[in-house]
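# Secondary and tertiary structure notes
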Amino acid sequence: MKLYRFLSAPDDSSFCHKVTAALNKGWHLFGSPTYAYDKRTKSMRCGQAVVKDVEGQEYGPDTKLSDW
């Protein structure tokens, strides 16, 4: 199965740690990162899509992406 996740966090080290943790679990960057202003919190936020192939598993709506 191919899994897709979109990671987002404030524009601080927590975003880099979140992406680094995903990369170390075998996820791969997908596309370019994003950077946008959040009017509600009045702060900048970062985002990055990641994908991962998992052999021998079937995807279902109950699949918890953060477990992979």
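Refer to the preceding data block for the structure.
A brief report on the enclosed structure follows. These numbers were taken from a predicted model, which means no experiment stands behind them.

About the cut-offs
In every chain, residue numbers begin from 1 and rise along the written sequence. Reporting of local features is limited, given that this is a predicted model, to residues whose pLDDT is at least 70; pairs of side-chain atoms are given and counted only at 80 or more, and all residues count toward the totals for whole chains, interfaces and linings. Hydrogens and waters are ignored; side-chain quantities use all the structure's heavy atoms. The patches described consist of residues with a relative accessible area above 30% and no salt bridge, like charges being joined within 9 Å and nonpolar side chains (Val, Leu, Ile, Met, Phe, Trp, Tyr) within 5 Å. Throughout, the Shrake-Rupley method with a 1.4 Å probe supplies accessible areas, and for residues the shown protein chains are the sole cover considered. Salt bridges are identified by distance alone: a Lys or Arg side-chain nitrogen within 4 Å of an Asp or Glu carboxyl oxygen. To sort residues, take the accessible area from a 1.4 Å probe on protein chains only and compare it with the maximum for the residue type: under 20% means buried, over 50% means exposed, and anything in between is partly exposed. The pairing criterion is simple: DSSP has to find at least two bridges between the two strands. A run of H or I in DSSP counts as a helix once it spans at least four residues, and a run of E counts as a strand once it spans at least two, with each numbered from the N terminus. For helices, the fitted axis covers only the stretch in contact; all axes are lines through C-alpha atoms, and the angles between them, taken along N-to-C directions, range from 0 to 180 degrees. Contact between two residues is taken to exist if any of their heavy atoms lie within 4.5 Å; hydrogens are not considered.

## Topic: a nonpolar patch on the surface
Together, Tyr4, Phe6 and Phe30 give the surface a local cluster of nonpolar side chains, amounting to about 350 Å² of exposed area. Looking at tyrosine 4, the relative accessible area reads 47%, which means it is partly exposed.

## A short note on the sheet that holds strand S3 (residues 43-53)
Taken together, 3 strands build an open sheet; the order of strands is S1-S3-S2 and the sheet is antiparallel. Each edge of the open sheet carries a strand with a single partner, namely strand S1 (2-10) and strand S2 (28-38). Between one strand axis and the next, the sheet turns through 20° on average, direction left out of account. As judged from the 8 bridges shared by S2 and S3, these two strands associate in the antiparallel manner. The residue of S3 that forms the bridge with alanine 36 is arginine 45. Against the sheet, helix H1 (residues 13-24) touches S1, S2 and S3, its axis set at about 160° to S1.

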